[in-house]
Amino acid sequence: MTDKQPSVVLAKLIERFGDDIVATHSDFGDDTARVNRERIVEICTFLRDDPDLLFDFAMDLTGVDYLGEEPRFEVVYHLYSLEKKHRVRIKARVPEEDPVIDSVIPVWVGMDWFEREAYDMYGILFRDHPNLKRILMYEAFEGHPLRKDYPKARRQPTVGVEE
Amino acid sequence: MAVNHAKDGAPGFLTTRFEALLAWGRKYSIWPFTFATACCGIEVMGAFGTHYDIARFGAEVIRFSPRQADMLLVAGTVNYKMAPVLVRIYEQMLEPKWVVAMGACASSGGFYNNYSVAQGIDKFMPVDIYIPGCPPIPEQIIDSIVLIQKMIDSGGSRARDRWPIKI
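All values derive from a computational prediction rather than experimental measurement.

Describing the overall build of chain B
Thought 1: Helix and strand content of chain B: five helices and six strands.
Thought 2: Taken from N to C terminus, the helices and strands of chain B fall in the order β-β-α-β-α-β-α-β-α-β-α.
Thought 3: Expressed as lengths along the three principal axes of its C-alpha atoms, the size of chain B is roughly 70 × 40 × 25 Å.
Thought 4: Across the 167 residues in chain B, those meeting the buried criterion constitute 34%.
Thought 5: Contacts in chain B between residues far apart in sequence, at least 24 positions, make up 75% of those at least 6 positions apart.

Some thoughts on the environment of Met93 of chain B
Residues and elements named next belong to chain B.
Thought 1: Along the chain, Met93 turns up in the loop between helix 3 (83-92) and strand 5 (98-102).
Thought 2: A count of 20 C-beta atoms within 10 Å places Met93 in the buried class.
Thought 3: Counting along the chain gives 66 residues from Met93 to Lys27, while the straight-line C-alpha distance between them is 17 Å.
Thought 4: Sequence-distant contacts of Met93, that is, excluding residues within four places in its chain, are made with Pro66, Arg67, Ala69 and Leu72.

Some details on the packing of helix 2 (residues 40-48) of chain B against helix 5 (residues 138-154) of chain B
Residue and element names in this part refer to chain B.
Thought 1: Orientation of helix 2 relative to helix 5, taken along the N-to-C sense of each, is 70°, at an axis distance of 8 Å. If you check the angle between helix 2 and helix 5, you find them roughly perpendicular. Taking contact as the criterion, the partners of Glu43, Val44, Gly46 and Ala47 in helix 2 are, on helix 5, Pro138, Ile141 and Ile142.
Thought 2: Per-class residue counts for the contact of helix 2 with helix 5 are five nonpolar, one polar and one charged.

A word on the sheet that holds strand 4 (residues 71-75) of chain B
All names here are of chain B.
Thought 1: If you trace the four strands from one edge of the open sheet to the other, you get 3-4-5-6, paired in parallel fashion. The sheet is open, and its two edges are formed by strand 3 (32-36) and strand 6 (129-131), each paired on a single side. Neighbour-to-neighbour, the strand axes of the sheet open up by a mean angle of 15°, direction not taken into account.
Thought 2: Note: strand 3 against strand 4, five bridges, orientation parallel. Residue Pro32 lies in a different strand from strand 4, and its bridge partner there is Met71.

So, helix 5 of chain B
Thought 1: Between its terminal C-alpha atoms helix 5 of chain B stretches 25 Å, which fits the 24 Å expected from 17 residues at 1.5 Å a residue.
Thought 2: Downstream of helix 5 of chain B by one or two residues, Gly155 of chain B has phi in the positive range, about 65°.

Looking at the nonpolar core
Thought 1: One finds Leu72, Leu73, Val74, Val100, Met102 and Ile121 of chain B to be the most contacted residues of the largest nonpolar core, which totals 41 residues.
Thought 2: Excluding its chain neighbours within four sequence positions, the residues that come into contact with Val74 of chain B are Phe35, Leu86, Val99, Val100, Ala101, Met102, Ala106 and Ile121 of chain B.
Thought 3: If you look at the next biggest cluster of nonpolar residues, it comprises 33 residues, including Phe55, Ala58, Ile101 and Phe126 of chain A.

So, the sheet that holds strand 1 (residues 21-25) of chain A
All names here are of chain A.
Thought 1: An order of 1-2-5-4-3 is seen for the five strands of this open sheet, with the pairing classed as mixed. The strands lining the two open edges of the sheet, one partner per strand, are strand 1 and strand 3 (57-65). Here the average twist between neighbouring strands, direction ignored, is 20°.
Thought 2: Here helix 3 (residues 111-122) sits on the sheet in contact with strand 3 and strand 4 (73-80), set at roughly 10° to strand 3.

Calculation rules
- Residues numbered from 1 in each chain as written.
- Chains lettered and ligands numbered in written order.
- Predicted model: local features only at pLDDT ≥ 70, side-chain atom pairs only at ≥ 80, totals over all residues.
- Helix = DSSP H or I, 4+ residues; strand = E, 2+ residues; numbered from the N terminus.
- Buried ≥ 20, exposed ≤ 12 C-beta atoms within 10 Å, placed from the backbone.
- Contact = placed C-beta atoms within 7 Å.
- Axes fitted to C-alpha atoms, helices over the stretch in contact; angles between N-to-C directions.
- Parallel < 35°, antiparallel > 145°, perpendicular 65-115°, else oblique.
- Nonpolar A, V, L, I, M, F, W, Y, C, P; charged D, E, K, R; others polar.
- Pairing = 2+ DSSP bridges.
- Expected span 1.5 Å × (residues − 1).
- Core = buried A, V, L, I, M, F, W, Y, C linked by C-beta atoms within 7 Å.

Spelled out as structure tokens, the structure:
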């Protein structure tokens, strides 16, 4: 797969951001780029506004926990262009000791709840998010349940119920 | 209850204890409140529909306020975030009240053995009847009502009388 020409989307990304695009591949026809987390907002703004790309639909944002790897966490952005009918996946690694990445709400306002979900489940912090609090679990819940080191059998006291 | 029938069809009289008369009235007018959170709720609808018609057992008056209900039918998965809501509903019901945990999830958490799902509603409220199944069939809901009727009839103790369970 490495000797293939990168697709239009990936080629434009590499041309514009150079070394901040850490790696790319188009395995199984899925354009994917691993990027430097420091420039995520710039990259996303470019993807949205470039006349050849026009990624106007932020389909999903999620986290991944690669326990044992360094950096440990990854934030994955799934983007689609309603205009151009093409997709791209943007991935950014985030280290455990500083799990912070800039919020992309200024680019796509719909990423609000996805970022809250990633925070709730993985503890990834989104800088400048206007309302970064838990979305699925209750406020008193401790820890982040989709982290690979969250004990499978751990049960937390039921809040608001006298047991 | 003993009923004296006059042979000519004239009105007779009946002797009973007040408790027995009350129980007789109560057992044919169980008003259920359904707390349906998952697929079990669909089976509840089937049980209340025309085919199984739970009205035959006097339990067709579904209440949408817990304050008017006698029987809490918990149908579906209850997670920890929902538990305080369920307990609040239970506490709003007037005595006497019965609780039915319908299906594997409400009874034990079912196959959701994870961080978010309560491992059975009996962790935080007394349960009188457990219905096994995933989801159970409507006959089992009817069976639970008949069992509650028997409990009322015999004056059997309710789970609430034994609550909280100390192990």
